[in-house]
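So you can see what is in the structure, the chains are spelled out below.
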Amino acid sequence: MFSRHFNDPTADSFFTKRKWGQHEPPPPRQHAGLLPESLIWAYIVQLSSALRTIHTAGLACRVMDPSKILITGKTRLRVNCVGVFDVLTFDNSQTNHLALMPQYQQADLISLGKVVLALACNSLAGIQRENLQKAMELVSINYSSDLKNLILYLLTDQTRLRSVNDIMPMIGARFYTQLDASQMRNDVIEEDLAKEVQNGRLFRLLAKLGTINERPEFQKDPTWSETGDRYLLKLFRDHLFHQVTETGSPWIDLSHIVACLNKLDAGVPEKISLVSRDEKSVLVVTYSDLKRCFESTFQELLAAANGSL
């Protein structure tokens, strides 16, 4: 997060002190120096969800800082280095190691408020104590009152212990926007995964077919791949990849290859004509016959391979 959003030195110019006679620049605006509010709320939902998970377990994050928040993809956040401070500051002489957890959890909320304020100002200078008032004015001008109230709640000292659940009403219906975006992303990922599952299935078929076709010798028989069931599989390989047009040019059609492999894998009863390379022989077989030949031949290879181990 630090590298993506806080690596521009000119972004701090609004908060730097002016020399005498210099004019103060106009405040930045959304889409012109400031982040869109929808992006900030997307970050808030994810970071508050992370804190909620940690605090529910009776623990504290203690590393809610832009330099420890990883952005993967476009807007997906992950909190890094969680638990490091628990290791570095471990005191073996302390009897109750969880005694300070409520204090650490309150510090987590303050840190979350600072992160949100820095994002709203697009500058880490905005969270410095002397710039807080100016930063909140910038938030009031450019963002909704809900975002302003959330920042004030997180940064203002309270008489009671606060909980990350307290900010859920401030997020409100924006949570559904993030839920919809998450569901849409899940749909895209599942669709891509389904394609890869199909690709893997077809690759396994081709890999098995490659172990059979053109094998120079099997069990001291140099003609093994050219006879019996193996000859049918060789002709099927030619049917898949080596077809030509009427003019003798290679005929390349990936949909034909995929469709034939799917029919082979399913063993459909559809008939197919396999022509020898010299075009003197035509064999009419079904895909179910080819599948039987394919599976029995590959099992024969496997049995020989396992027997030699």
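The model shown is predicted, which means the values in this text are computed figures rather than measured ones.

Chemist: Give a description of the overall build of the chain that names residues and reports values.
Modeler: From N to C terminus, the chain includes 11 helices and six strands. The C-alpha atoms of the chain give a radius of gyration of 33 Å, which is well past the 19 Å a tight globule of 309 residues would have. Across its three principal directions, the C-alpha atoms of the chain cover 95 × 60 × 35 Å. The 309 residues of the chain split such that 33% are buried.

Chemist: Describe the packing of helix α2 (residues 37-56) against helix α8 (residues 174-212), with residues and values.
Modeler: The N-to-C vectors of α2 and α8 enclose an angle of 85°; their axes lie 10 Å apart at closest approach. With respect to α8, the element α2 is oriented roughly perpendicular. On α8, the residues touching Glu37, Ser38, Trp41, Ala42 and Val45 of α2 are Arg174, Phe175 and Gln178. Looking at the contact of α2 with α8 residue by residue, the classes come out as four nonpolar, two polar and two charged.

Chemist: Please set out the packing of α8 against helix α10 (residues 254-266) residue by residue, giving values where relevant.
Modeler: Two packed helices can be described by the angle between their axes and the distance between those axes. Between α8 and α10, the shortest axis-to-axis distance is 10 Å and the interhelical angle comes to 80°. The angle between the axes of α8 and α10 places the two elements in the roughly perpendicular class. Contact residues: α8 offers Arg201, Leu202, Leu205 and Leu206, while α10 offers Val258, Leu261, Asn262 and Asp265. Classifying every residue of the contact of α8 with α10 by side-chain character gives five nonpolar, one polar and two charged.

Chemist: Quick rundown of the nonpolar core? Include the residues and the values.
Modeler: If you look at the biggest cluster of nonpolar residues, it comprises 45 residues, and the most contacted ones within it are Met1 and Ile40. Among the elements of the structure, α2, β3 (69-72), α4 (101-121), α5 (132-142), α6 (145-155) and α7 (168-171) are those that each provide at least two residues to this core.

Chemist: Got a sec to walk through the layout of surface pockets? Specific residues and values, please.
Modeler: Computed from the structure, the largest pocket encloses a volume of approximately 830 Å³. Lining the largest pocket are 28 residues, with Gln46, Thr75, Arg76, Gln178 and Ser182 positioned closest to its centre. Counting only elements with at least two residues in the lining of the largest pocket, the list comes to α2, β4 (76-79), α7 and α8. By volume, the second largest pocket is sized at about 320 Å³. In this structure, the second largest pocket is lined by Leu235, Asp238, His239, His242, Gln243, Val244, Ser273, Leu274, Val275, Ser276, Arg277 and Glu279. Each residue belonging to the lining of the second largest pocket can be placed in one class, and the counts come to four nonpolar, five polar and three charged.

Chemist: Could you give me a rundown of unusual backbone geometry, with the residues and numbers involved?
Modeler: Positive phi is not limited to glycine here, since glutamate 214 has a value of about 60°. When you line up the elements, glutamate 214 lands in the loop between α8 and α9 (228-241). Taking the relative accessible area as the measure of exposure, glutamate 214 reaches 39% and is therefore partly exposed. With a phi close to 55°, glutamine 219 is a non-glycine residue in the positive phi region. Assignment of secondary structure puts glutamine 219 in the loop between α8 and α9. Since its relative accessible area comes to 60%, glutamine 219 is described here as exposed.

Chemist: Report on the UniProt feature "domain: Pan3 C-terminal knob" (unreviewed entry) in the chain, specifying residues and quantitative values.
Modeler: Annotation from UniProt places "domain: Pan3 C-terminal knob" (unreviewed entry) at residues 164-301. Structurally, residues 164-301 comprises 62% helix and 7% strand, and the distance from its first C-alpha atom to its last is 62 Å.

Chemist: Give a detailed account of the pairing of β3, specifying residues and quantitative values.
Modeler: It is a general feature of regular strands that their side chains alternate between the two faces of the sheet. Burial along β3 is one-sided: the face carrying Ile69 and Ile71 is buried and the face carrying Leu70 and Thr72 is not. Here β3 pairs with β4 via four bridges, running antiparallel. For threonine 72, the partnering residue across the bridge sits in β4 and is arginine 76.

Chemist: Give a detailed account of the side chain of threonine 286, specifying residues and quantitative values.
Modeler: Tracing the sequence through the fold places threonine 286 in strand β6 (residues 282-286). Of the polar contacts made by the side chain of threonine 286, one reaches the side chain of aspartate 289; its length is 3.0 Å.

Chemist: Tell me about the pattern of salt bridges, and please be specific about residues and values.
Modeler: Applying the stated criterion across every chain yields a total of 10 salt bridges. For arginine 237, the salt bridge is made with glutamate 214, and the minimal N-O distance between the two is 2.6 Å. With a gap of 23 residues between them, arginine 237 in helix α9 and glutamate 214 in the loop between α8 and α9 connect regions that are remote in the sequence.

Quick notes on the rules
- Chains are numbered independently. Their residues run from 1 in the order of the written sequence.
- Given that the model is predicted, a residue must reach a pLDDT of at least 70 before its local features are reported, and side-chain atom pairs must reach 80 or more before they are shown or counted; all residues, however, enter totals for whole chains, interfaces and linings.
- Side-chain measures here rest on the full set of heavy atoms in the structure, leaving out hydrogens and waters.
- Helix and strand assignments come from DSSP, with helices taken as H or I runs of at least 4 residues and strands as E runs of at least 2, each series counted from the N terminus.
- All radius of gyration figures rest on C-alpha atoms, and the globule criterion is 2.2 Å times the number of residues raised to 0.38.
- Relative accessibility decides the category of a residue: with a 1.4 Å probe and only protein chains considered, values under 20% of the type maximum give buried, values over 50% give exposed, and everything between is partly exposed.
- Geometry is summarised by axes, namely lines fitted to C-alpha atoms with helices restricted to the contacting stretch, and by angles between N-to-C directions that run from 0 to 180 degrees.
- Each angle gets one of four labels, with under 35 degrees taken as roughly parallel, over 145 as roughly antiparallel, 65 to 115 as roughly perpendicular, and the rest as oblique.
- Contact definition: two residues touch when any of their heavy atoms are within 4.5 Å.
- Any residue outside Ala, Val, Leu, Ile, Met, Phe, Trp, Tyr, Cys, Pro, Asp, Glu, Lys and Arg is labelled polar, Gly included; the first ten of those are nonpolar and the last four are charged.
- Nonpolar cores are built from buried Ala, Val, Leu, Ile, Met, Phe, Trp, Tyr and Cys residues. Side-chain atoms within 4.5 Å join them into one set.
- Here a cavity is any set of points on a 1 Å grid over the protein atoms alone where a 1.4 Å probe fits but cannot get out, and a pocket is any open set with protein on both sides within 12 Å along at least 5 of 7 lines; a residue lines the site when it has an atom within 4 Å of a point.
- Grid points are joined across faces, edges and corners, and a volume is the space filled by probe spheres set on the points.
- UniProt positions are given in the numbering used here, feature names are shortened, and annotations may be inferred rather than shown by experiment.
- At least two bridges found by DSSP between two strands is the condition for calling them paired.
- Under the rule applied, a polar contact is a pair of N or O atoms within 3.5 Å (in protein, one hydrogen donor and one hydrogen acceptor; residues adjacent in sequence only if both atoms are side-chain atoms).
- Salt bridge, as used here, is a side-chain nitrogen of Lys or Arg placed within 4 Å of a carboxyl oxygen of Asp or Glu.

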